[in-house]
Amino acid sequence: MAASAVDATGNPIPTSAVLTASSKHISTRCFPENVEFLKCKKKDRNPEKCLEKGQQVTRCVLGLLKDLHQKCTKEMDAYVGCMYYYTNEFDLCRKEQQAFEKACPLE
């Protein structure tokens with residue numbers, strides 16, 4: 001189960017396993033950006049009108065992933081590796097999830 005949340009230069013790799021493992025943190029930390037993006041999409045269905053809001057969400061998520069990986073590298077890599085190996089099945093990765101959430105609690 002060798003999967004990492006970042007590449008060799010330390011930049012986040014937002015794979016489905018990484019995003020799924022980090023979903024609770026994303027929903028908490030990037031909540032304001034997500035709300036603004038959804039408001040924009042509801043207000044105007046033209047995708048071009050909400051590009052900046054979408055970029056703000058992306059910046060928030062990538063920054064969060066980098067922070068999480070710096071703060072709890074071992075636990076995040078173990079959880080992401082498990083999620084990758086078991087195709088994002090939370091139930092099969094509860095032990096790794098608990099260790100990750102203990103090392104990097106929700107803020």
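Residues numbered from 1 in each chain as written. Predicted model: local features only at pLDDT ≥ 70, side-chain atom pairs only at ≥ 80, totals over all residues. Heavy atoms only, no water.

Focus: the UniProt feature "domain: CHCH" (unreviewed entry) in the chain
Now for step 1: The UniProt record annotates "domain: CHCH" (unreviewed entry) at residues 72-104.
Now for step 2: Counting secondary structure, residues 72-104 comes out at 70% helix and 0% strand; the distance between its end C-alpha atoms is 6 Å. (UniProt positions renumbered as here; feature names shortened; annotations may be inferred. Helix = DSSP H or I, 4+ residues; strand = E, 2+ residues; numbered from the N terminus.)

Side note on helix H6 (residues 94-103)
Since the α-helix advances by 3.6 residues per turn, residues separated by three or four positions end up pointing in the same direction.
Now for step 1: Taken together, the buried positions of H6 are Glu96, Gln97 and Phe100. Axial view of H6: buried residues confined to an arc of 100°, hence all on one face. Residues of H6 that are exposed and angled more than 90 degrees away from the buried face: Lys95, Gln98 and Lys102.
Now for step 2: Buried residues along H6 sit in contact with helix H1 (16-21), helix H2 (23-29), helix H4 (51-71) and helix H5 (73-85). (Buried < 20%, exposed > 50% of the residue type's maximum accessible area, 1.4 Å probe, protein only. Arc of directions from axis to C-beta. Contact = heavy atoms within 4.5 Å.)

A word on the state of the cysteines
Now for step 1: In total, this model carries four disulfides according to the counting rule given.
Now for step 2: Cysteines bonded in the chain are numbered consecutively along the chain; their disulfide partners then correspond to 1-4, 2-3, 5-8, 6-7. (Disulfide = S-S within 2.5 Å.)

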